[in-house]
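Architecture at a glance
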Amino acid sequence: MDYESFFRRELDELRQNGDYRIFANLQRQAGRFPHALHMRAGAPADLTIWCSNDYLGMGQHPAVLTAMHKALDECGAGAGGTRNIAGTNHYHVLLEQELADLHGTAAALLFNSGYMSNWAALSTLAARLPGCVVLSDASNHASMIEGIRHSRAKKIVFAHNDPADLERKLAALPPGTPSLVAFESVYSMDGDVAPIAAICDVADRYGAMTYLDEVHAVGLYGPRGGGIAEREGLAHRLTVTEGTLAKGFGVIGGYIAASSALCDFIRSFASGFIFTTAIPPAIAAGALASIRHLKTSDTERLAHRQRVAQLRAALDDAGVPHHRNGGHIVPVLVGNPILCKQVTDRLLEEFGVYVQPINYPTVPRGTERLRITPSPLHSEADIAHLVRSLSAIWSDLSLRRAA
Ligand code: PLP
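Residues numbered from 1 in each chain as written. Predicted model: local features only at pLDDT ≥ 70, side-chain atom pairs only at ≥ 80, totals over all residues. Heavy atoms only, no water.

1. Notes on the overall build of the protein
Of the regular secondary structure elements, the protein holds 15 helices and 14 strands. On C-alpha atoms alone, the protein measures out to a radius of gyration of 22 Å, which is about the 22 Å that the 2.2 N^0.38 rule sets for 403 residues. When its C-alpha atoms are laid out on the principal axes, the protein stretches across 60 × 55 × 55 Å. Across the protein, contacts joining residues at least 24 apart in sequence account for 70% of those joining residues at least 6 apart. Accessible surface, the protein: about 17400 Å² in total, of which carbon and sulfur atoms supply 56%. (Helix = DSSP H or I, 4+ residues; strand = E, 2+ residues; numbered from the N terminus. Rg over C-alpha atoms; globule rule 2.2 N^0.38 Å. Contact = heavy atoms within 4.5 Å. Areas by Shrake-Rupley, 256 points an atom, 1.4 Å probe, with all protein chains shown as cover.)

2. A short note on the confidence of the model for the protein
Mean pLDDT over the protein works out to 97, with 100% of the residues at or above the 70 mark. Of all secondary-structure elements in the protein, the lowest mean pLDDT belongs to strand S13 (residues 357-358), at 92, while strand S10 (residues 254-258) reaches the highest, 99. (pLDDT = per-residue confidence, 0-100.)

3. Focus on a nonpolar patch on the surface
There is a patch of nonpolar side chains on the surface, built from Met1, Tyr3, Phe6 and Phe7 and spanning about 470 Å² of accessible area. Along the chain, methionine 1 turns up in the segment before helix H1 (3-17). (Patch = residues over 30% accessible without salt bridge, like charges linked within 9 Å, V, L, I, M, F, W, Y side chains within 5 Å. Salt bridge = Lys/Arg side-chain N within 4 Å of Asp/Glu carboxyl O.)

4. Brief notes about the packing of helix H5 (residues 114-128) against helix H6 (residues 142-151)
Where H5 contacts H6, the axes come no closer than 7 Å and their chain directions differ by 30°. Here H5 lies roughly parallel to H6, going by the angle between them. Of the two possible hands of crossing, H5 and H6 adopt the one that is right-handed. Taking contact as the criterion, the partners of Tyr115, Asn118, Trp119, Leu122, Ser123, Ala126 and Ala127 in H5 are, on H6, Ala142, Ser143, Met144, Glu146, Gly147, Ile148, His150 and Ser151. Residue composition of the contact of H5 with H6, by class: eight nonpolar, six polar and one charged. (Axes fitted to C-alpha atoms, helices over the stretch in contact; angles between N-to-C directions. Parallel < 35°, antiparallel > 145°, perpendicular 65-115°, else oblique. Left-handed = near helix turned anticlockwise from the far one by under 90°. Nonpolar A, V, L, I, M, F, W, Y, C, P; charged D, E, K, R; others polar.)

5. Examining the packing of aromatic side chains
In this structure the tally under the stated criterion is three aromatic pairs. Seen in terms of ring centroids, phenylalanine 6 and phenylalanine 7 are 5.9 Å apart; in terms of plane orientation they differ by 70°. Their pairing is edge-to-face. Residue phenylalanine 7 is classed as partly exposed on the basis of its relative accessible area, which comes to 44%. We note arginine 15 situated over the ring of tyrosine 20; from NZ or CZ to the ring centre the distance is 4.2 Å. A cation over a ring is seen here: arginine 365 above tyrosine 360, with NZ or CZ 3.9 Å from the ring centre. (Phe/Tyr/Trp six-rings, centres within 6.5 Å; stacked < 30°, edge-to-face > 60°. Buried < 20%, exposed > 50% of the residue type's maximum accessible area, 1.4 Å probe, protein only. Lys NZ or Arg CZ within 6 Å of the ring centre and 35° of its normal.)

6. Structural notes on the pattern of salt bridges
This structure, assessed with the given rule, holds 26 salt bridges. A salt bridge links aspartate 204 to arginine 237; its shortest N-O distance comes to 2.8 Å. Placement of the pair is aspartate 204 in helix H8 (residues 196-205) and arginine 237 in the loop between helix H9 (228-231) and strand S9 (240-244), with a sequence separation of 33 residues. Connected through salt bridges with shared partners, the residues Glu98, Asp101, Arg224, Glu230, Arg292 and Lys295 form a single ionic network.

7. As for the site of the ligand
In the vicinity of the ligand lie 13 residues, with Gly114, Tyr115, Asp213, His216 and Thr244 positioned nearest. Here a nitrogen atom of the ligand sits 2.7 Å away from a polar atom, N or O, in the side chain of aspartate 213. In the model, an oxygen atom of the ligand is placed 2.6 Å from a nitrogen or oxygen of the threonine 244 side chain. The protein chains hide 85% of the 390 Å² of surface that the ligand would expose on its own. No other element matches H5, which puts three residues into the shell around the ligand. In the shell around the ligand, the residues fall into two nonpolar, eight polar and three charged. (Near = heavy atom within 4 Å. Polar contact = N/O pair within 3.5 Å; in protein donor to acceptor, adjacent residues only side chain to side chain.)

8. Brief notes about empty space enclosed by the protein
Within this structure, the stated rule accounts for one cavity of 30 Å³ or more. Of the volumes computed, that of the largest cavity is approximately 70 Å³. Surrounding the largest cavity, Arg83, His92, Leu110, Phe111, Asn112, Gly272, Phe273, Thr276, Thr277, Ala278 and Ile279 form its lining. Secondary structure elements with two or more residues in the lining of the largest cavity: strand S4 (107-111) and helix H11 (271-274). (1 Å grid on protein atoms, 1.4 Å probe; cavity = no way out; pocket = protein on both sides within 12 Å on 5 of 7 lines; lining within 4 Å. Points joined across faces, edges and corners; volume = space filled by probe spheres on them.)

9. Points about the sheet that holds strand S11 (residues 330-333)
The antiparallel open sheet is built from three strands, whose spatial order is S11-S14-S13. Strand pairing shows two members of the sheet lacking a second neighbour, S11 and S13, which therefore form its edges. For S13 and strand S14 (residues 369-372), the ladder comprises two bridges, and the chain directions are antiparallel. Looking across to S14, one finds that isoleucine 358 is bridged to arginine 369. Taken strand by strand, helix H13 (residues 299-318) contacts S11 and S14, and its axis lies near 20° from that of S11. (Pairing = 2+ DSSP bridges.)

10. Quick word on unusual backbone geometry
Between phenylalanine 33 and proline 34 the backbone carries a cis peptide bond, its omega angle lying at 15°. Residue tyrosine 360 is joined to proline 361 through a cis peptide bond whose omega torsion reads 5°. Mapped onto the fold, proline 361 is located in the loop between S13 and S14. At alanine 86, a residue that is not glycine, the phi angle is positive and equals roughly 70°. Looking at the secondary structure, you find alanine 86 in helix H3 (residues 83-87). For alanine 86, a relative accessible area of 67% translates into the label exposed. Positive phi, close to 55°, is recorded for asparagine 161, a residue that is not glycine. The topology assignment puts asparagine 161 in the loop between strand S6 (154-158) and helix H7 (163-171).

11. Description of the sheet that holds strand S2 (residues 35-38)
The four strands are arranged S1-S2-S3-S12 in an open sheet whose pairing can be described as mixed. Each edge of the open sheet carries a strand with a single partner, namely strand S1 (26-28) and strand S12 (353-354). Pairing analysis gives two bridges linking strand S3 (residues 45-49) to S12, with the strands arranged parallel. In the sheet register, isoleucine 49 faces S12, and the bridge partner there is tyrosine 354.

Shown next as structure tokens:
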């Protein structure tokens, strides 16, 4: 077989469909976020990032940087091994204690990313619990879907954010079936929020465990940044809370928070935990500082909410349609992959605004969009510039305006 031609043909097809991904070559600059350099051919150009998941700008917060510098000098670069073999550093232990405290659980367990935590925890739980059936929200993230698939357990998809459909599906199982309801609090692409209490009520009625991905909520919601469940006083109702250290907390890593026995079970059986080198101590120290800061400081959360509201109001004034989801992610639907890329190319080249086009398979075909994420560090001038730029492109391309 001519392997190279095969690869090229597949890539050409992606290009024709408008789904080929190009990464912007950025140089982040501590202290300047959301501004950064675009390292394009010729001279680097200044741009404003409008699609980062460093939602609160914690990736450059002085407390985080100081903690990371200190730990790097104390401990050196790497962790030195898997957690089991020489890789457990004191910072990992402190970080797990901090995470358990954040979610009000007895224990927490660290992973190298949010993706890994979902993949490892869901696959281990569903594979090892005899006869387990997983009830999975239709809009769950790829990492959850892959984890469930890897478990080979039976999976039943329930309609997105629909406790009544979940109930119908649980009721159809033989009584006493071990089951796990897997869902997210804030959905990453539509930005909508789950009815956590109603889902927990249904799960309780059928003796199902609950597994909540709070990746897009931790740091951002709740009086201490514990997520939507904390904001709604529901943290105690979840069997497992999963989160990331990469988005609201601005560093990298993932975790689950749950009972001691459950965390110990995953620690003891999950291949994705056991057989990989632990995150570097300086990373753990940075995440620890970020969580500690956001537990006591509401400043970032309040400014974040204010910027989201200001952006939405400015988009309304300009008639640029956006999805009102009650959260901090602002999806602007274009509905065509080629047009979506045209919009974002022009934003970048003509206006110095970086928004990555979101195309299939991240979202279903026909729902291609811009996914705009304001941070507390975007200024009012940044918002005005973004909306003026969008509005100009909307007119040029005759895109649909909001009524
Ligand atoms: N869960 C959800 C809902 C996500 O959107 C993502 C990534 O964007 C992840 C998990 C993976 O988290 P991480 O980026 O820390 O790997």
